[in-house]
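Next come the chains, spelled out residue by residue.
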Amino acid sequence: MTLILLSFFSFYSFAQTYETLVEDIVFNSSSRTVITENQIQKLQSRDLKTLLATAANLSIISNSFQPPSISIRGGDSGHVLILIDGIPFYDPSTIQRTGNLSALNIKSIKRIEIIKGSQSVLYGGQALGGIIKIETIPLQDSQFITLETGSQSQRAVGAEYSKNHFFIQSFLKEKNVESPAKSSSKNYVTNEKQLDLGYQWQDQTEGFIKSTYLTDSSFSPSSDTNYQIVDVSNFKLANEQGFLSSHIKFKNTNGSPQLSFGIQKATRTFDFPLSSLNTFPIQENYKSYFHFFRLDFRPFKSDFMTLDLGLNYSYENFIFKDFNIKENDAFLEQRGVFTKITSLLDAQTVLSYGARVENWSGKNVVSVYQVGLSHKKSKFEISTGYKAPSLYQLKSSYGNPNLNEEQGAQINLTQDFEIDRKINFSMTVFYSRFKNLISTTGTFPQLRYINLNETETKGAEAYWTQEFKSGHSIMANLGYQEPKNLETNQWLPRRSLLNASLSTLLARHRHGGSAELLYRGPRNDNGPSGVTKLSGYLTANIGYHYAISLNDKIYFRLDNIGNNRYEETYGYFAEGLSALAGWSGHF
């Protein structure tokens, strides 16, 4: 098998992949959280970032200039692959190649699955820390519209129409966001738009073809050389992404092959003219293209063993202009081959083994592997991964062309307890180690990307879910980790040691409610005089909905009811109390 895999690469020189969904091919995951459409509707979270933080206990932080950053088990956003309907939500023009989660239309989401722990064998380097699968394709005919209003002059409208295999989803939102500067009363206008058009079918083959247009723009504060957020009036940020994607499964063909492909284009602009408040004028334009192709098939399946094979190709192009002068025009392309074998050792024991061979442009061929063993309710997994720096980290005005590739290894052990049919408890211990983890040094505008020689994270996570006959439910998540830079013996920045969340859903006749608590412990960050420590914080959210009829519902929600403007990153303070009211009608 190794010779077959290596021979595939003898014809090419390549780069990187971030792959699409492999149906029914999942290792025994160290931890897995599923958020259903019913839960999403009952929670009525204001955006996807809030939903993932509370329902899945993910550590997600915001700043003024980049998409929200996700950290899983000592990694960063560049180690979390986001799949929308099996297609990567991917933007090569950003630091971590990630899109803006907050700009996605949460009303159109049907299901979310979060798998923590490296899935690099199946999904490539971007899944070094885990994956987030988001499903939006309507499973049946539906027509609905939502209207929302709220504090900070928030206004939003969303709609979905699905009939006879065709579907269209749209979403518009505008809000005056509170300035993240401490004690500021200034607001910044933000606009978000999303449009999806698609067609799905089920016949001799099943699949979909879908186009998506996504844009968000805002006025933003800036920062000074001491990392402090400062209010300005003419700093504009704009992001635009377009997708064309498809996934096809050939049900009646030997091996049940699945084909996924897509084309994506993105542009990002930062426009900040010279003024009395701005001594560093900015006019930066980033443009990116991302093409990918993937083929999966299952050549052998029996009662005791299955064999899965796959190959993929991806191409990303990054163009950077500074004051309309082209500074960089770079690309990466990659081809990869992977395999997975699953064996049933006995009625209660399953062994899985997988391997991937891939090559990044101008780099040597690398191999990664993943082994999982499951016995009854116990699960053990060991995996490795490999990821090249993003073109932004290499080629932007803050880039470092000498960055090395990141390498990771993880071990996870999970024990599940099914106390009864309504109560479940799960405990995970994990260890992850990264070589050449990419971090930053210096302050704006002299900020640069660097490699950290060796880092490790030790930790444990616990999950409790309980359902009641009345329809009530409780979900509690607790996580402790020690993410450390082994060279300096300091905690890694922006990664809290303790994370916890508690969610409850209440239901009675036409009434429903939700309550959420979210805690993030103290953490380090970069400050003007080196490492500084940020305080932990606790926030609470509550919601209520009422079914006027079978097809109409009104809902209300309060976020951060304690009006706690905590410090997300150094000098960047979160919004205070936020209120939202809405109506949803089905036709």
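Values in this document were obtained by computation on a predicted structure and should not be read as measured data.

Some words on the overall build of the chain
Step number 1: Looking only at helices and strands, the chain features five helices and 36 strands.
Step number 2: The C-alpha radius of gyration computed for the chain amounts to 23 Å, which stays within 12% of the reference 25 Å derived for 587 residues, consistent with globular compactness.
Step number 3: Evaluated residue by residue, the chain yields a buried proportion of 55% over its 587 residues.
Step number 4: Residue pairs in contact within the chain that sit at least 24 positions apart in sequence constitute 61% of those at least 6 positions apart.

A few points about the sheet that holds strand E6 (residues 111-116)
Step number 1: In spatial order, the strands read E1-E6-E7-E4-E5; together these five strands make up an open sheet with mixed pairing. Two strands in the sheet have a free side with no partner beyond their single neighbour: strand E1 (31-36) and strand E5 (87-88).
Step number 2: Sheet topology note: the strand E4 (residues 80-84)/E5 ladder contains two bridges and is antiparallel. The residue of E5 that forms the bridge with Leu-83 is Pro-88.

Description of the environment of Leu-498
Step number 1: One can find Leu-498 in strand E28 (residues 498-508).
Step number 2: Separated by 21 residues in the primary sequence, Leu-498 and Tyr-519 place their C-alpha atoms 8.0 Å from one another.
Step number 3: Ignoring sequence-local partners within four residues, the contact set of Leu-498 consists of Leu-478, Gly-479, Tyr-480, Tyr-519, Arg-520 and Gly-521.

As for the pairing of strand E33 (residues 552-559)
Step number 1: Burial along E33 is one-sided: Lys-553, Tyr-555, Arg-557 and Asp-559 are buried, and none of Asp-552, Ile-554, Phe-556 and Leu-558, which face the opposite way, are.
Step number 2: Where strand E32 (residues 537-547) and E33 come together, six bridges link them in antiparallel fashion. Counted as the bridge partner of Tyr-546 is Ile-554 from E33.
Step number 3: The hairpin formed by E32 and E33 contains four residues between the paired strands.

Things to note about the pairing of E4
Step number 1: Judged by how many residues are buried, E4 sits mostly within the fold: five of five residues are covered.
Step number 2: Burial along E4 is two-sided: the face carrying Val-80, Ile-82 and Ile-84 and the face carrying Leu-81 and Leu-83 are both buried.
Step number 3: The pairing of E4 with strand E7 (residues 130-135) spans five bridges and is parallel. Counted as the bridge partner of Ile-82 is Ile-132 from E7.

Looking at helix H3 (residues 48-55)
Along an α-helix, residues three or four apart share an orientation, since each turn contains 3.6 residues.
Step number 1: Here H3 lies mainly inside the structure; eight of its eight residues are buried.
Step number 2: Of the residues one or two after H3, Asn-57 is the one with positive phi, at around 55 degrees.

Thoughts on the pattern of salt bridges
Opposite charge on two side chains permits them to pair, given that their charged atoms come into close proximity.
Step number 1: Taken as a whole and assessed by the stated rule, the structure comprises 31 salt bridges.
Step number 2: Across the pair Glu-461 and Arg-73 runs a salt bridge, and its minimum N-O distance is 2.5 Å. Of the two residues, Glu-461 sits in strand E25 (residues 448-467) while Arg-73 sits in the loop between strand E3 (69-71) and E4, which places them 388 residues apart along the sequence.
Step number 3: The class of Glu-461 is buried, set by a relative accessible area of 10%.
Step number 4: Its salt-bridge partner being Glu-316, residue Arg-97 comes within 3.4 Å of it at the nearest N-O pair.

Notes on a nonpolar patch on the surface
Step number 1: Taken together, the side chains of Phe-417, Ile-419, Met-427, Trp-464, Phe-468, Ile-474, Leu-502, Leu-517 and Leu-538 present a nonpolar region at the surface, about 760 Å² in accessible area.
Step number 2: Take Trp-464: it is sitting in strand E25.

Re the environment of Ser-374
Step number 1: Relative to the helices and strands, Ser-374 is located in strand E21 (residues 366-375).
Step number 2: You can call Ser-374 buried: its relative accessible area is 10%.

Details of the packing of aromatic side chains
Step number 1: In total, this model carries 18 aromatic pairs according to the counting rule given.
Step number 2: For the pair Phe-318 and Tyr-392, a centre-to-centre distance of 6.4 Å together with 80 degrees between the ring planes defines the contact as edge-to-face. In this pair, Phe-318 is assigned in strand E18 (residues 305-322) and Tyr-392 in helix H5 (residues 391-395), connecting sequence segments 74 residues apart. For the pair Phe-318 and Tyr-392, a shared accessibility class is recorded, and that class is buried.
Step number 3: The aromatic ring of Phe-430 is capped on one face by Arg-73, whose charged end is 4.7 Å from the ring centroid.
Step number 4: Positioned above the aromatic ring of Tyr-286, the side-chain terminus of Arg-268 is 5.6 Å from the ring centre.

A few points about the environment of Gly-372
Step number 1: Tracing the backbone through its elements, the reader meets Gly-372 in strand E21.
Step number 2: Gly-372 gets classed as buried once you look at its relative accessible area, which sits at 0%.
Step number 3: A C-alpha to C-alpha distance of 9.8 Å links Gly-372 and Leu-413, two positions 41 residues apart in sequence.

Section: unusual backbone geometry
Step number 1: Located in the positive-phi region is Ser-153, a residue other than glycine, with phi close to 55 degrees.
Step number 2: Here Ser-153 shows up in the loop between strand E8 (142-150) and strand E9 (154-163).
Step number 3: Its relative accessible area of 38% is what places Ser-153 among the partly exposed residues.
Step number 4: Of note, the phi angle at Asn-563 is positive, near 55 degrees, even though the residue is not glycine.
Step number 5: Within the secondary structure, Asn-563 is located in the loop between E33 and strand E34 (567-569).

What counts and how
Residues numbered from 1 in each chain as written. Predicted model: local features only at pLDDT ≥ 70, side-chain atom pairs only at ≥ 80, totals over all residues. Heavy atoms only, no water. Helix = DSSP H or I, 4+ residues; strand = E, 2+ residues; numbered from the N terminus. Rg over C-alpha atoms; globule rule 2.2 N^0.38 Å. Buried < 20%, exposed > 50% of the residue type's maximum accessible area, 1.4 Å probe, protein only. Contact = heavy atoms within 4.5 Å. Pairing = 2+ DSSP bridges. Salt bridge = Lys/Arg side-chain N within 4 Å of Asp/Glu carboxyl O. Patch = residues over 30% accessible without salt bridge, like charges linked within 9 Å, V, L, I, M, F, W, Y side chains within 5 Å. Areas by Shrake-Rupley, 256 points an atom, 1.4 Å probe, with all protein chains shown as cover. Phe/Tyr/Trp six-rings, centres within 6.5 Å; stacked < 30°, edge-to-face > 60°. Lys NZ or Arg CZ within 6 Å of the ring centre and 35° of its normal.

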